[in-house]
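The residues making up each chain are set out below.
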Amino acid sequence: TKLVLPRLGGSPGVWSVAMVFFQAVLLAGYAYSHWLVNRFPVRRGATIHLGLMIAVMAFGLPIGIAAGFERPPTEWEAPWLVLLFALSVGLPFFAVSANGPLLQSWFSRTGHVQAHDPYFLYAASNFGSFGALIAYPLLIEPFLPLSWQLSGWSWGFAALFATIVACAGFAVGDHPAVSDDAKPVEVTHAPLVSRRDIFGWVALSFVPSALLVAVTAHISTDIAAAPFLWVAPLGLFLLTFIIVFQRRPVLRRQWMLHAQLGFFALLLVASALGKGVPWPVGLTLHLGLFFATAMVAHGELAASRPDARHLTAFFMWISVGGVLGGLFSGLIAPLIFNSIAEYYLLLGLGLLCRPGLLPAIGSPRRKPVLMAAFGVGVIGFFGLIAKEQLRTDSIRSFFGVHSLHEYENGQVRVLAHGNTMHGAQRIRDANGQALSGLPEPLTYYYFGGPMSEGIEAVRERLGGKLGPVAAIGLGSGSLACHRR
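**Section: the overall build of the protein**
Move 1: Check the secondary structure of the protein and you find 17 helices and five strands.
Move 2: Within the protein, the proportion of its 484 residues that are buried is 42%.
Move 3: Considering only residue pairs separated by 6 or more positions, the protein has 71% of its internal contacts joining residues 24 or more positions apart.
Move 4: Total accessible area on the protein stands at roughly 25900 Å², and carbon and sulfur atoms take up 66% of it.

Written out as structure tokens, the structure is:
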């Protein structure tokens, strides 16, 4: 993704589309591992997978941007970016993405004492992802040029191939408790996965995944535009998987249920106060609520995990939810909303992930009150969405939300991108009458500022006329106001 930034800039849209793409390929890798485990014995499945990795080393390395993507299009940036990723790194990442559930499934078929419950390896896998995510901006990106990073990735893939060979050797070795078709006795008669189980896994993974993309876009545009800010929500997302799939989670389930309601209430208060809340406080509240909501949803996922016989199916279905969530927030929401409306919708859906809520709705005593509250909330939310959609002074694109605002009783008009003001001009006088002549720039190259003095000095030296002038880039609108 860093290779792509010079072509499209550091827009949150780049990270959102990247997230959607890698989630989709992750789903493909999980489906591939599910197919291998359920169709072939370990020995043959390992042979197929190692053959795929050899093909990657022969045809897919070193990774880099594919030919033909030197210049981005002027529209439809998201599909262009998805195609770029697919042709550049699709095959290598597909091969890598299958390893998690595949190795866990191989482990569950060994004679190890913990083979009946291999899900702790999922926590270890996410711990590795979390460590790599933190190491990249702190250790790798500042000190290694991209060419070194790309060659290092190739060597790392070769090392991964060697370790997969070793793991396959252990899985199909001559240990008396292991054979191609060996499975732990405890899971031989495991109950079948129901449609209700599948729906629950998809729903509980959809909300945190969609919320991850939405909160990243929200804090990057409306809270603080800072480099590598996307690392924070993604790191918290991975951290939740590490915690909930531990044998003894360090954060109790009840703590997270209380934290979710607490952060939700504090965020409502902060929203009511508006711009009076310092940005570090707002950032903490948004990230805190995201973490608590993801902990609640992923905690329910971990509690509902099936026996090891259905491990690959479990990971495949939670990956389906992840892809759907990424598609909704990364590609669909920017087309149907003028603002980051999906973020607040997902915060509401996060409350529905709380355990015991659906049984409470089914209770004859609580059902009328809960259904009434839910109805009022739905009407209020969609009323707010309809109000936002009817605005003609706001537009959303791949690069974010641009909006116009008027201040000082309509005297000043401002163009904003998220919380960043990009320009302002005076359009009316104190009596509300429209100004005549050239508009007055109030930002960047304002009248009487250094650029204004420079222009006047050159104009005076040239006898009162500048001749042809070209203005390109940021501030061109303000510079145009200096013409005569």
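**Quick word on the packing of helix 3 (residues 42–59) against helix 7 (residues 146–171)**
Move 1: Relative to each other, helix 3 and helix 7 sit at 170 degrees, their axes nearing to 10 Å. The angle between the axes of helix 3 and helix 7 places the two elements in the roughly antiparallel class. Taking contact as the criterion, the partners of Val42, Ala46, His49, Leu50, Met53, Ile54, Val56 and Met57 in helix 3 are, on helix 7, Phe157, Ala158, Leu160, Phe161, Ile164, Val165, Ala168 and Ala171.
Move 2: Looking at the contact of helix 3 with helix 7 residue by residue, the classes come out as 15 nonpolar, one polar and no charged.

**Overview of the packing of helix 10 (residues 253–273) against helix 13 (residues 341–351)**
Move 1: Helix 13 packs onto helix 10 with a crossing angle of 150 degrees between their chain directions and a minimal axis gap of 11 Å. In terms of orientation, helix 10 lies roughly antiparallel with respect to helix 13. When you trace helix 10 past helix 13, the crossing you get is left-handed. Every residue of helix 13 that contacts helix 10 at Gln260, Leu261, Phe264 and Leu267 is listed here: Tyr343, Leu347, Gly350 and Leu351.
Move 2: Among the residues forming the contact of helix 10 with helix 13, the class breakdown is six nonpolar, two polar and no charged.

**Some points on the pairing of strand 2 (residues 400–407)**
Move 1: Relative to strand 2, strand 1 (residues 394–397) runs antiparallel, the two being bridged by four bridges. Its bridge partner being in strand 2, serine 397 is matched across the sheet by glycine 400.
Move 2: The loop that links strand 1 with its antiparallel partner strand 2 comprises two residues.
Move 3: Across six bridges, the pairing between strand 2 and strand 3 (residues 412–417) is antiparallel. In the strand pairing of strand 3, glutamate 406 is matched with arginine 413.
Move 4: The turn joining strand 2 and strand 3, which pair antiparallel and follow one another in sequence, is formed by four residues; a positive phi near 55 degrees is taken by glutamate 408.

**Some details on the side chain of asparagine 126**
Move 1: By secondary structure assignment, the location of asparagine 126 is in helix 6 (residues 120–143).
Move 2: For asparagine 126, a relative accessible area of 6% puts it in the buried group.
Move 3: Contacts of asparagine 126, omitting those with residues within four sequence positions, involve Leu238, Phe241 and Ile242.

**What about helix 6?**
Move 1: Spanning 24 residues, helix 6 covers 33 Å between terminal C-alpha atoms, matching the ideal 34 Å at 1.5 Å per step.
Move 2: Among the residues of helix 6, Tyr122, Ala123, Asn126, Leu133 and Pro137 are the ones counted as buried.

**Re the sheet that holds strand 3**
Strands in a sheet are paired, the pairing made by backbone hydrogen bonds, and the direction either parallel or antiparallel.
Move 1: Taken together, the five strands give an open sheet; going across it, the order is 1-2-3-4-5, and neighbouring strands pair in antiparallel fashion. Two strands close off the open sheet at either side, each with one partner strand: strand 1 and strand 5 (440–441).
Move 2: Looking at chain direction, strand 3 and strand 4 (residues 420–426) are connected through six bridges and run antiparallel. Residue pairing in the sheet places arginine 413 in a bridge with glutamine 425 of strand 4.

**What about the nonpolar core?**
Move 1: Within the largest apolar cluster, 56 residues are counted, with the highest numbers of intra-cluster contacts made by Tyr122, Phe245, Phe314, Phe315, Ile318 and Tyr343.
Move 2: Elements with a minimum of two residues in this core: helix 2 (12–39), helix 6, helix 8 (195–223), helix 9 (231–244), helix 10, helix 11 (279–303), helix 12 (311–336) and helix 13.
Move 3: Those residues in contact with tyrosine 122 that lie beyond four places of it in its chain are Tyr30, Gln104, Phe241, Phe245, Phe315 and Ile318.
Move 4: By size, the runner-up hydrophobic cluster in this structure holds 40 residues, among which are Val56, Trp106, Phe161 and Val172.

**Considerations on the environment of alanine 480**
Move 1: Position of alanine 480 among the secondary structure elements: in helix 17 (residues 476–480).
Move 2: Given a relative accessible area of 41%, alanine 480 falls into the partly exposed group.

**Structural notes on unusual backbone geometry**
Glycine aside, the phi torsion of most residues is negative, and most peptide linkages are trans.
Move 1: Here the residue pair leucine 61 and proline 62 is connected by a cis peptide bond, since its omega of -5 degrees sits within 30 degrees of zero.
Move 2: Considering the arrangement of structural elements, one finds proline 62 in the loop between helix 3 and helix 4 (77–97).
Move 3: In this structure, tryptophan 76 takes a positive phi of about 55 degrees despite not being glycine.
Move 4: Along the chain, tryptophan 76 falls in the loop between helix 3 and helix 4.
Move 5: The class for tryptophan 76 is exposed, based on a relative accessible area of 61%.
Move 6: In this structure, asparagine 409 takes a positive phi of about 60 degrees despite not being glycine.
Move 7: In this structure, asparagine 409 sits in the loop between strand 2 and strand 3.
Move 8: The class of asparagine 409 is exposed, set by a relative accessible area of 80%.

**Focus on the environment of arginine 413**
Move 1: One can find arginine 413 in strand 3.
Move 2: With 13 residues separating them along the chain, arginine 413 and arginine 426 place their C-alpha atoms 6.4 Å apart.
Move 3: Look past the residues within four positions of arginine 413 in its chain and what remains in contact with it is His405, Glu406, Gly423, Ala424, Gln425 and Ile427.
Move 4: Among the polar contacts made by the side chain of arginine 413, one reaches the side chain of glutamate 406 at a distance of 2.7 Å.

**A look at the environment of asparagine 99**
Move 1: Mapping asparagine 99 onto the fold places it in helix 5 (residues 99–108).
Move 2: Residues asparagine 99 and tyrosine 30 lie 69 residues apart in sequence; the distance between their C-alpha atoms is 8.4 Å.
Move 3: With residues near it in sequence (within four places) discarded, asparagine 99 still touches His49, Leu160 and Ile164.
Move 4: Polar side-chain contacts of asparagine 99 include one of 2.7 Å to the side chain of histidine 49.

**Describing the packing of aromatic side chains**
Move 1: Using the criterion set out here, one finds 24 aromatic pairs in the structure.
Move 2: On the basis of an interplanar angle of 50 degrees and a centroid distance of 5.2 Å, the ring pair of tyrosine 32 and phenylalanine 94 is categorised as tilted. Of this pair, tyrosine 32 sits in helix 2 while phenylalanine 94 sits in helix 4; the two residues are 62 residues apart in sequence, bridging distant segments of the chain.
Move 3: The class of phenylalanine 94 is buried, set by a relative accessible area of 19%.

Parameters at a glance
- Residues numbered from 1 in each chain as written.
- Predicted model: local features only at pLDDT ≥ 70, side-chain atom pairs only at ≥ 80, totals over all residues.
- Heavy atoms only, no water.
- Helix = DSSP H or I, 4+ residues; strand = E, 2+ residues; numbered from the N terminus.
- Buried < 20%, exposed > 50% of the residue type's maximum accessible area, 1.4 Å probe, protein only.
- Contact = heavy atoms within 4.5 Å.
- Areas by Shrake-Rupley, 256 points an atom, 1.4 Å probe, with all protein chains shown as cover.
- Axes fitted to C-alpha atoms, helices over the stretch in contact; angles between N-to-C directions.
- Parallel < 35°, antiparallel > 145°, perpendicular 65-115°, else oblique.
- Nonpolar A, V, L, I, M, F, W, Y, C, P; charged D, E, K, R; others polar.
- Left-handed = near helix turned anticlockwise from the far one by under 90°.
- Pairing = 2+ DSSP bridges.
- Expected span 1.5 Å × (residues − 1).
- Core = buried A, V, L, I, M, F, W, Y, C linked by side-chain atoms within 4.5 Å.
- Polar contact = N/O pair within 3.5 Å; in protein donor to acceptor, adjacent residues only side chain to side chain.
- Phe/Tyr/Trp six-rings, centres within 6.5 Å; stacked < 30°, edge-to-face > 60°.

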